[in-house]
Amino acid sequence: MRTTVILLPLLLCSIFLLRTFKTATELSTTAAAAISNKTHQIKDFATALQNGCNLFHGRWVLDDPRSRPMYTEESCPYLTRQVTCTRNGRPDSLYQQWRWKPHACDLPNFDASMLLRSLRNKRLMFVGDSIQRTQWESMVCLVQSVVPDANKLVYKAPPRKVFVAKEFNASIEFYWAPFIVESNRDHATKHRIQKRVVRLDGIANHSRHWEGVDVLVFESYVWWTNNRTHASLQTFCRTGSCEIKEYNVPTAYRLALQTWTRWIESTLNPRTQKAFFVSLSPTHLWSWEWRPGSKGNCHNEINPIKRRFWGAGSSQDMMKVAEDAISGMKRIKVTFLNITQLSEYRKDGHTSIYTERRGKLLTREQKAEANMYADCIHWCLPGVPDTWNEILYAYILYDHRRDG
């Protein structure tokens with residue numbers, strides 16, 4: 001009897017340890033399989049990219065509701081009120097569930113842990129205007145869920161906003177520079193689009209903040225336009241004394257990007273630093289472009305455009321200026337993220353009347369006048385900018401794998 005009493009606890013303990021070991025082994029096997037699958041995705045993507053797959057030629061497909069959105073307004077505390085369309089009253093959510101599918105390959109599934117590991121001891125910085133700030137918010141929301149609360153923070157150091165993942169010693173930053181070069185609208189919060197003066201050959205006041213950053217992502221377009229078009233003359237200056245002169249916009253854009261490319265070529269270390277340039281973000285200001293005879297805008301649009309489409313708000317001239325500037329670089333390879341065409345289809349993705357204007361949510365009266373007050377320039381989150389970051393993620397992982 002005494003022997004039975006002694007052996008029974010030992011037997012139960014052995015059974016518990018065996019079950020625990022089995023569970024741990026199964027979890028380890030599952031985790032290893034998941035890592036292996038993601039590694040194969042990156043490898044397959046790298047092979048497809050080397051074989052000439054164009055990530056920017058494809059179509060939008062409805063994804064599994066369990067997969068998208070990849071985060072929610074509730075799960076990400078870092079979203080600003082400008083982009084939280086659902087919280088601001090938007091009744092539909094289909095715009096959150098579209099996935100970009102390139103024709104000739106597949107984008108790897110976004111994995112926040114893999115991205116943060118590739119950014120260990122590094123800085124990723126988005127440079128540009130409010131469109132670029134939205135892309136920064138998107139990226140922060142995509143990664144923050146895998147970082148424990150005690151190991152992450154966001155702080156402002158104008159003109160920067162910074163997300164820090166402490167355990168990785170990694171930061172994801174936004175830097176306000178709407179023209180990339182210097183202007184009288186470079187204050188991080190106090191700026192108006194009217195009466196701007198741009199110093200086309202001045203960049204040092206900005207670039208000193210970019211030096212040493214490991215991954216730089218630049219974008220600049222919307223602030224170059226005026227009265228919702230890109231054809232007007234603007235006020236710019238070139239010399240140290242800022243002698244005022246007017247240029248048409250594509251010419252001024254070319255001069256500004258020449259200043260930027262000179263800085264890139266003379267400053268970046270091609271062995272340790274990467275640079276990207278995001279093409280122009282399209283607008284959807286006139287519904288007659290995709291629905292002949294109509295007189296609206298992006299308001300109440302709930303589906304992407306299904307046919308080939310290029311809106312009047314996207315300047316082909318400025319697109320070519322950017323492409324030429326990047327292809328003309330010799331010492332540094334800047335990757336051109338051509339998000340324009342894929343975003344052209346997404347008339348449904350804008351903040352419309354579900355946003356704020358000058359720091360205040362639209363009133364009921366303003367919402368009733370959507371033709372006047374709908375914002376068809378900025379994007380809801382979760383939404384289209386998440387796809388821009390999926391593409392950026394794929395390139396960062398590809399470069400990390402190639403360089404590693």
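Cut-off values and rules
- Residues numbered from 1 in each chain as written.
- Predicted model: local features only at pLDDT ≥ 70, side-chain atom pairs only at ≥ 80, totals over all residues.
- Heavy atoms only, no water.
- Helix = DSSP H or I, 4+ residues; strand = E, 2+ residues; numbered from the N terminus.
- Buried < 20%, exposed > 50% of the residue type's maximum accessible area, 1.4 Å probe, protein only.
- Expected span 1.5 Å × (residues − 1).
- Arc of directions from axis to C-beta.
- Contact = heavy atoms within 4.5 Å.
- Polar contact = N/O pair within 3.5 Å; in protein donor to acceptor, adjacent residues only side chain to side chain.
- Salt bridge = Lys/Arg side-chain N within 4 Å of Asp/Glu carboxyl O.

Participant: Kindly report on the side chain of Gln135, identifying the contributing residues and their values.
Facilitator: When you line up the elements, Gln135 lands in helix 3 (residues 130–144). Gln135 sits in the buried class, given a relative accessible area of 1%.

Participant: Could you give me a rundown of helix 6 (residues 316–327), with the residues and numbers involved?
Facilitator: Relative to the 16 Å expected for twelve residues at 1.5 Å per residue, helix 6 spans 16 Å between its end C-alpha atoms, a close match to the ideal helical length. The complete set of buried residues in helix 6 reads Met318, Met319, Val321, Ala322, Ala325 and Ile326. Take helix 6 and look down its axis: the buried residues cluster within an arc of 160 degrees, on one side only. What points out from helix 6, more than 90 degrees from its buried face, is the exposed set Gln316, Asp317 and Ser327. Each element contacted by the buried residues of helix 6 is listed here: helix 5 (249–267), strand 12 (274–278), strand 13 (334–337) and helix 7 (340–344). For helix 6, the capping residue at the N-terminal end is Ser315, with a side-chain oxygen 3.3 Å from the backbone nitrogen of Asp317.

Participant: Can you break down the pattern of salt bridges residue by residue, with the values?
Facilitator: Counted according to the given criterion, the structure contains 16 salt bridges. The partner of Glu390 in a salt bridge is Arg68, and the shortest N-O contact between them spans 2.8 Å. Within this pair, whereas Glu390 is found in helix 10 (residues 384–403), its partner Arg68 is found in the loop between strand 1 (58–62) and strand 2 (98–102), the two being separated by 322 residues in sequence. Of the residues examined, Arg68 reaches a relative accessible area of 6% and is grouped as buried. Arg199 is the salt-bridge partner of Glu182, the closest N and O atoms lying 3.9 Å from each other. One end of the pair, Glu182, is in strand 7 (residues 182–183); the other, Arg199, is in strand 8 (residues 198–199), with 17 residues separating them in the sequence.

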